[in-house]
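# Coordinate analysis (summary)
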Amino acid sequence: MLFRSERAAAEATCQALELSMKRPGASATVIESDVSGVVGPLAEHIRVEAGAEHAVAAVLGDLADAVVVRSRSAAVEAVTILKDSGVGRAALVVLDQVAADPHTSEPPRGVWLRSTVTCDSGLAGIMDVLLRNVVLIPSLGEVPEGDAYADVTWTTPDGDLWRHGTLLGGTPATGSLVEIQAAYDSSRAAADELIRTS
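These notes cover the structure that comes with them. (Residues numbered from 1 in each chain as written. Predicted model: local features only at pLDDT ≥ 70, side-chain atom pairs only at ≥ 80, totals over all residues. Heavy atoms only, no water.)

## Quick look at the environment of Leu161
Condition: Only DSSP runs of H or I with at least four residues qualify as helices, and only runs of E with at least two residues qualify as strands; both kinds are numbered from the N terminus onward. A contact between two residues is defined here by any heavy atoms of the two lying within 4.5 Å.
Mapped onto the elements, Leu161 comes out in strand E9 (residues 161–163). Counting along the chain gives 33 residues from Leu161 to Asp128, while the straight-line C-alpha distance between them is 18 Å. Beyond its immediate sequence surroundings of up to four residues, Leu161 is in contact with Ala58, Val59, Thr153, Trp154, Thr155, Thr166, Leu167 and Leu168.

Structure representation (structure tokens):
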């Protein structure tokens with residue numbers, strides 16, 4: 001009986017998180033449009049290691065809720081639709097843009113944030129660009145003094161950001177599609193494990 005109630009609770013959590021990922025507004029308008037080349041929400045195409053969700057969402061900012069499109073022309077067409085419909089603005093990640101080389105050296109401390117994110121192969125290059133020079137560290141106390149690493153952005157598991165002499169921090173923000181997708185993936189895995197073992 002215990003397994004049945006745990007399984008029902010896990011399924012209910014998954015359903016609630018699925019509903020949270022379906023948001024009305026400009027992004028939904030782009031996804032539901034007839035624009036050729038719309039791939040879908042960025043959050044559905046990346047997987048973030050447990051504990052790094054807030055950091056990835058903080059670094060991506062508005063792009064945490066972005067829609068992926070295949071080309072510049074698809075992006076321009078999507079923005080035209082948004083302007084014509086008056087539903088607002090959407091962040092778009094364009095796949096055919098120039099990508100950065102992934103890091104090959106170790107960061108001065110911590111881990112490259114990019115190493116905590118896996119994604120579809122078509123998104124690897126753009127994720128390299130979006131998360132370039134970002135280091136995940138345990139706490140803000142790990143940020144080195146001085147300007148030796150002025151080109152590095154430092155982030156914590158709570159999503160605090162130290163970048164170019166500025167600090168954005170406090171209570172972790174929640175609610176981005178990246179964070180909800182990560183919570184869903186974790187809940188789905190737990191529910192599947194309960195089903196498998198019952």
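## Looking at the nonpolar core
The nonpolar side chains of a soluble globular protein tend to be buried with one another. Worth spelling out the cut-off: The term nonpolar core refers to a set of buried residues drawn from Ala, Val, Leu, Ile, Met, Phe, Trp, Tyr and Cys, joined through side-chain atoms within 4.5 Å. When a residue's accessible area, from a 1.4 Å probe over protein chains only, is under 20% of the maximum for its type it is buried; when over 50% it is exposed; and in between it is partly exposed.
In terms of nonpolar packing, the biggest core is built from 26 residues, with Leu42, Ile46, Leu113 and Val178 touching the most fellow members. Counting only elements with at least two residues in this core, the list comes to strand E2 (46–48), helix H3 (53–60), helix H5 (124–130), strand E7 (134–136) and helix H6 (177–197). A per-element tally of this core places H3 first, with five residues. Ignoring anything within four residues of it in the chain, the contact list for Val178 reads Ala43, Ile46, Val48, Glu53, Val56, Leu60 and Ala64. Core analysis: the second largest hydrophobic core is formed by 11 residues, Val35, Ala74, Ala78 and Leu92 among them.

## Description of the side chain of Thr155
Inspection of the secondary structure assignment puts Thr155 in strand E8 (residues 153–155). In contact with Thr155, not counting residues within four places along its chain, are Ala55, Val59, Leu113, Val134, Val135, Leu136, Ile137, Asp160 and Leu161.

## What about the sheet that holds strand E3 (residues 67–69)?
What counts, and what does not: Strand pairing is assigned whenever DSSP identifies at least 2 bridges connecting the two strands. For every element, the axis is a line fit to its C-alpha atoms; helices are fit only across the contacting stretch, and the angle between N-to-C directions ranges from 0 to 180 degrees.
The strand order E1-E3-E4 describes an open sheet built from three strands, whose pairing is mixed. Unpaired on one side and paired on the other, strand E1 (38–41) and strand E4 (92–94) mark the two borders of the sheet. Shown here is a sheet whose adjacent strand axes are inclined to one another by a mean of 25°, direction ignored. Note that E1 and E3 share three bridges and pair antiparallel. Within the sheet, the bridge partner assigned to Val38 lies in E3 and is Val69. Of the strands in this sheet, E3 and E4 touch helix H4 (residues 72–85), which is tilted by about 160° from E4.

Remember, this is a structural readout, not a statement about activity or role.
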